[in-house]
Amino acid sequence: MNHKKYNVPVEATLEVIGGKWKCIILCHLTQGKKRTSELKRLLPDITQKMLTQQLRELEVDSIIERIVYNQVPPKVEYQLTPYGQSLKSILDSLSAWGEHHLDKVFGNKSDVLEENIFNK
């Protein structure tokens, strides 16, 4: 079996969590289980197709799990797996760097951050 060769380990990390939406989805899931509709509301600029694609990719990589409740109407929730929880320190570091960067560039990060649970 041929395996992909990586230049540096961070390349493997970015292969799993890279892109515009995955880290944002994961940040929201660190706060607990979310339904697809909740995630869509938290990420208003993402299309439904892209949200579904990103969730599936994270599920394939065992970062999140999809919980299907056997009821009518159907209910589906997503949550971090224990393996996905191991990304929390990375997400916290990215967030802290982003806050510092926004303060440096804009003087006051509050001027450019939306109000939500992460930006208090």
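Scroll up a little and you will see the structure.
Small disclaimer: the values here were computed from a predicted structure and weren't measured.

Procedures and definitions
Residues numbered from 1 in each chain as written. Predicted model: local features only at pLDDT ≥ 70, side-chain atom pairs only at ≥ 80, totals over all residues. Heavy atoms only, no water. Axes fitted to C-alpha atoms, helices over the stretch in contact; angles between N-to-C directions. Helix = DSSP H or I, 4+ residues; strand = E, 2+ residues; numbered from the N terminus. Parallel < 35°, antiparallel > 145°, perpendicular 65-115°, else oblique. Contact = heavy atoms within 4.5 Å. Nonpolar A, V, L, I, M, F, W, Y, C, P; charged D, E, K, R; others polar. Phe/Tyr/Trp six-rings, centres within 6.5 Å; stacked < 30°, edge-to-face > 60°. Lys NZ or Arg CZ within 6 Å of the ring centre and 35° of its normal. Disulfide = S-S within 2.5 Å. Buried < 20%, exposed > 50% of the residue type's maximum accessible area, 1.4 Å probe, protein only. Core = buried A, V, L, I, M, F, W, Y, C linked by side-chain atoms within 4.5 Å. Salt bridge = Lys/Arg side-chain N within 4 Å of Asp/Glu carboxyl O. Patch = residues over 30% accessible without salt bridge, like charges linked within 9 Å, V, L, I, M, F, W, Y side chains within 5 Å. Areas by Shrake-Rupley, 256 points an atom, 1.4 Å probe, with all protein chains shown as cover. Pairing = 2+ DSSP bridges. Expected span 1.5 Å × (residues − 1). Arc of directions from axis to C-beta.

Q: Could you clarify how one ought to interpret the packing of helix 2 (residues 22-29) against helix 4 (residues 48-60) in this entry?
A: Two quantities define a packed helix pair, namely the angle between the axes and the distance from one axis to the other. Running from N to C, helix 2 and helix 4 cross one another at 75°; their axes reach a closest spacing of 10 Å. Judged by the angle between their axes, helix 2 and helix 4 are roughly perpendicular. Contact residues: Lys22, Ile25 and Leu26 in helix 2; Leu51, Gln54, Leu55, Glu57 and Leu58 in helix 4. Taken together, the residues of the contact of helix 2 with helix 4 sort by class into five nonpolar, one polar and two charged.

Q: What's the story with the packing of aromatic side chains in this structure? I'm lost.
A: Each aromatic ring pair is summarised here by two numbers: the centre-to-centre distance and the angle between the ring planes. Tallied over the entire structure, the rule returns zero aromatic pairs. The residue whose ring lies beneath Lys75 is Tyr69, and the NZ or CZ to ring-centre distance is 4.9 Å.

Q: Looking at this structure, I do not really get the state of the cysteines. What am I missing?
A: One way to say it: the disulfide is the covalent bond shared by the sulfur atoms of two cysteines. Summed over the entire model, instances satisfying the criterion amount to zero disulfides. For the unlinked cysteine Cys23, the closest cysteine sulfur is that of Cys27, found at 6.6 Å. For Cys23, a relative accessible area of 18% gives the class buried.

Q: Please clarify how the nonpolar core should be interpreted in this entry.
A: As a rule of thumb, nonpolar side chains are buried together in soluble globular proteins. One finds Ile25, Leu26, Leu29, Leu55 and Ile64 to be the most contacted residues of the largest nonpolar core, which totals 19 residues. Listed by contribution, the elements that provide at least two residues to this core are helix 2, helix 4 and strand 3 (75-80). Counting residues per element, this core draws most heavily on helix 2, which supplies four residues.

Q: Would you take a moment to explain the pattern of salt bridges for this structure?
A: Should the charged atoms of two oppositely charged side chains come close, the side chains can pair. All chains considered together, the criterion is met by four salt bridges. With a closest N to O distance of 2.7 Å, Glu15 and Lys4 form a salt bridge. A residue pair is termed long-range when its members are at least 10 positions apart, and Glu15 in helix 1 (residues 9-17) and Lys4 in the segment before helix 1 qualify at 11 residues. Overall, Glu15 belongs to the partly exposed group, its relative accessible area being 41%. The exposure class assigned to Lys4 is partly exposed, which follows from its relative accessible area of 48%.

Q: It is not clear to me how a nonpolar patch on the surface should be interpreted in this structure. Could you clarify?
A: A contiguous nonpolar surface patch, about 260 Å² in accessible area, is contributed by Val8, Val10 and Leu14. When you line up the elements, Leu14 lands in helix 1.

Q: Can you walk me through the sheet that holds strand 2 (residues 64-69) in this structure?
A: Strands in a sheet are paired, the pairing made by backbone hydrogen bonds, and the direction either parallel or antiparallel. Judged by pairing direction, the sheet is antiparallel, and its three strands sit side by side in the order 1-3-2 without closing on themselves. The outermost strands of the open sheet, each flanked by one partner alone, are strand 1 (34-35) and strand 2. Two elements, strand 2 and strand 3, share six bridges in a ladder whose sense is antiparallel. Residue pairing in the sheet places Val68 in a bridge with Val76 of strand 3. Each of strand 1, strand 2 and strand 3 is contacted by helix 2, which is oriented at about 95° to strand 3, the strand it contacts most.

Q: Looking at this structure, how should I read helix 6 (residues 88-106)?
A: Spacing of three or four residues puts side chains on the same side of an α-helix, whose turn is 3.6 residues. The terminal C-alpha atoms of helix 6 lie 26 Å apart, and with 19 residues this matches the ideal 27 Å at 1.5 Å per residue to within 8%. Every buried residue belonging to helix 6 is among Leu91, Gly98 and Leu102, and all of these are buried. Buried residues of helix 6 fall within an arc of 35° about the axis and therefore sit on the same side. In this structure, helix 6 carries Trp97, His100 and Lys104 as exposed residues pointing more than 90 degrees from its buried face. Taken together, the buried residues of helix 6 touch helix 2. Immediately beyond the C-terminal end of helix 6, within one or two residues, lies Gly107, with a positive phi of roughly 85°.

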